[in-house]
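Here is how the chains run, residue by residue.
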Amino acid sequence: MTIVLAFLALSDLNGYGIADLPREDPAVANVNALGKHSPPRAETSDPTVSSEVGNTSKIEHDSPADIRTVIVQPRDNLALIFQREGLSAKELQSMLESDQLAKRLKHIFPGQKLIFERGEDGALTRLEYSPTPLQSLVFTRHGSSFDVEQVAHPPEIEIKVIRGLIDHSLFVASQRIGLDDETTMRLAQIFQWDIDFVLDIRKGDEFALVVEELYLRGDFIGYGNILAAKFVNQSDSYLAFRYVDREGATGYFNPNGESMKKAFLRAPLEFTRISSNFNMKRIHPLWNRTMPHRGIDYVAPVGTPVLAAGTGQVRVAGHTNANGNYVVIGHGSEFETKYLHLSKFGPHTKRGQRVNQGDVIGYVGSTGWATGPHLHYEFLVNGKHRNPRTVPLPKSNPINKHELKRFRTQMRPTLALLENRKSPNLLTAATD
Ligand SMILES: [Zn+2]
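Predicted model, so just to flag it, every value in this text is computed and none were measured.

Looking only at helices and strands, the chain features six helices and 24 strands. The buried share among the 432 residues of the chain stands at 36%. Sequence separation of 24 or more characterises 65% of the internal contacts of the chain that already satisfy a separation of 6 or more.

Turning next to the pairing of strand β23 (residues 374-381). Both strand β16 (residues 296-299) and β23 contribute to a ladder of four bridges, which runs antiparallel. By the bridge assignment for β23, Y298 is matched with L375. For strand β20 (residues 335-345) and β23, the ladder comprises six bridges, and the chain directions are antiparallel. Within β23, the residue paired with F335 across the bridge is V381. Bridge count between β23 and strand β24 (residues 384-386): three bridges; the pairing is antiparallel. Across the sheet, F379 pairs through a bridge with R386, a residue of β24. Joining the antiparallel neighbours β23 and β24 is a turn of two residues, in which N382 adopts a positive phi near 50°.

Where burial is concerned, most of helix α4 (residues 181-190) is hidden: eight out of the ten residues are buried. Among all positions of α4, only T183, T184, M185, R186, L187, A188, Q189 and I190 are buried. The inward-facing, buried residues of α4 abut α3 (170-176), β9 (206-216), β10 (219-233), β11 (236-244) and β12 (250-253).

Counting residues in hydrophobic clusters, the biggest one holds 67 residues, and the most contacted among them are L209, A229, A240, V306 and V327. Among the domains, domain 1 (3-25 + 156-262 + 398-431) and domain 3 (274-386) are the pair contributing at least three residues each to this core. Contacts of A229, omitting those with residues within four sequence positions, involve L187, I190, F207, A208, L209 and A240. In this structure, V70, L114, I115 and F116 belong to the second largest nonpolar core, which totals 15 residues.

This part covers the sheet that holds β10. If you trace the five strands from one edge of the open sheet to the other, you get β8-β9-β10-β11-β12, paired in antiparallel fashion. Edge strands, defined here as strands with exactly one partner in the open sheet, are β8 (156-165) and β12. Along the sheet, successive strands turn relative to each other by an average axial angle of 30°, direction set aside. Here β9 runs beside β10; their pairing, made up of ten bridges, is antiparallel. Each bridged residue has a counterpart across the sheet, and for L214 the counterpart in β10 is G222.

A positive phi angle is found at Q234, which is not glycine, with a value near 50°. Assignment of secondary structure puts Q234 in the loop between β10 and β11. Positive phi, close to 50°, is recorded for N382, a residue that is not glycine. Residue position: N382 is located in the loop between β23 and β24.

Of the pairings in the sheet, the one linking strand β3 (residues 67-71) to strand β4 (residues 113-118) comprises five bridges and is antiparallel in character. Counted as the bridge partner of I71 is K113 from β4. Hairpin connection from β4 to strand β5 (residues 124-132): five residues lie between these consecutive antiparallel strands, with G122 at a positive phi of about 90°.

Time to look at the confidence of the model for the chain. For the chain, mean pLDDT is 79; residues scoring 70 or higher make up 77% of the total. Below a pLDDT of 50 lies the segment residues 1-63, which in the model reaches 123 contacts outside its immediate sequence neighbourhood of four places, other chains included. Across residues 423-432 the pLDDT falls below 50, and counting only partners more than four positions away or on other chains, this stretch makes 15 contacts in the model.

So, on to the environment of I221. Within the fold, I221 resides in strand β10. Sequence separation between I221 and E156 is 65 residues, and the spatial gap between their C-alpha atoms is 10.0 Å.

With that out of the way, let us pick up the environment of P154. Mapping P154 onto the fold places it in the loop between β7 (145-152) and β8. When the C-alpha atoms of P154 and Y215 are compared, they prove to be 9.0 Å apart, with 61 residues separating the residues in sequence.

Conventions used here
- Residues numbered from 1 in each chain as written.
- Predicted model: local features only at pLDDT ≥ 70, side-chain atom pairs only at ≥ 80, totals over all residues.
- Helix = DSSP H or I, 4+ residues; strand = E, 2+ residues; numbered from the N terminus.
- Buried ≥ 20, exposed ≤ 12 C-beta atoms within 10 Å, placed from the backbone.
- Contact = placed C-beta atoms within 7 Å.
- Pairing = 2+ DSSP bridges.
- Core = buried A, V, L, I, M, F, W, Y, C linked by C-beta atoms within 7 Å.
- Domains from an automatic or database assignment.
- Axes fitted to C-alpha atoms, helices over the stretch in contact; angles between N-to-C directions.
- pLDDT = per-residue confidence, 0-100.

So this is what it looks like as structure tokens:
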């Protein structure tokens, strides 16, 4: 049995992750890459931000003397900090009441930075709060209250090529070469229509990505967009290029300009830890004899969300002794998918309900004839069981042909970076 351990939370199956939102200038990384907050972009040159403080000391005096930088300490809150700074509760109150945005001051975390500026009379004139390195809230005194402005600090971007070789799992390989789990997840999401990351990953699989590295004042702060990626899975090679079309829509496309997004997901579940493999002649323990096994079993923890593999309509959401709780989805007249042994149904899983690809239709369980928690997944074409991992699937929408030339022009340099390869063995060895 193949054991695949992965730590994915495919929460955004239809998207490409938070760093891949459309943006006007492809040369500038999206500021959302590192945080869930999404402030509007505002350019600024802010002299106070460049005064850095170490984490070891709580307070440092900047020059000029009326600017002080405070690093939030464990168990700190704003009232305590204001008190320490000799600022009145009244001043704090008027700041908190200044704007909706000020509410975010109530959720400060240790390690975050506050910069206090005072006038000659000692009154607070300006406060800058940086929830993440990429954004600040700036409060400026305006009479008796404060104006609030969100400021983005655009990072410097370096384009890097990162290569990995899989030994145990994608995530282990990624961690070894310094790729964080969030970026690894986005990499997997690019290929989720071609590669089953639960069952198909093998020792010897390789990947490479051309990715933006984000720096702020010289410090590496994380990864931005994945501009291109390659995945070699059991000697099948897949290439994907990020493309923002003239309308601002972002997607990943293969070198022919066909979308990576396809009609069916390879693995119809959100997985954290999953193991199994596909075997048409497996012994079904409850039957105690070989029976044709007409589907794929994904061994997964009870409660793992099961996703509609494709867009369609729920034909059955019911129960039988053998299937337990099960769902059948029709995808047009040709395709049908079945999901068995569910612990429970999704909140909107009812006969006749329209579902989109990636919608949660139920949760992994062991109802019916199941020895343990798993999803039994079947894929039918014109009423016949087929292996969804090998059956040819409908082609997806290609890039608009008016964009093709532009796509190819943009693809060329990233392709060159991807293909200018060194041995992944050497690279992994070098990073160990
Ligand atoms: Zn099964």
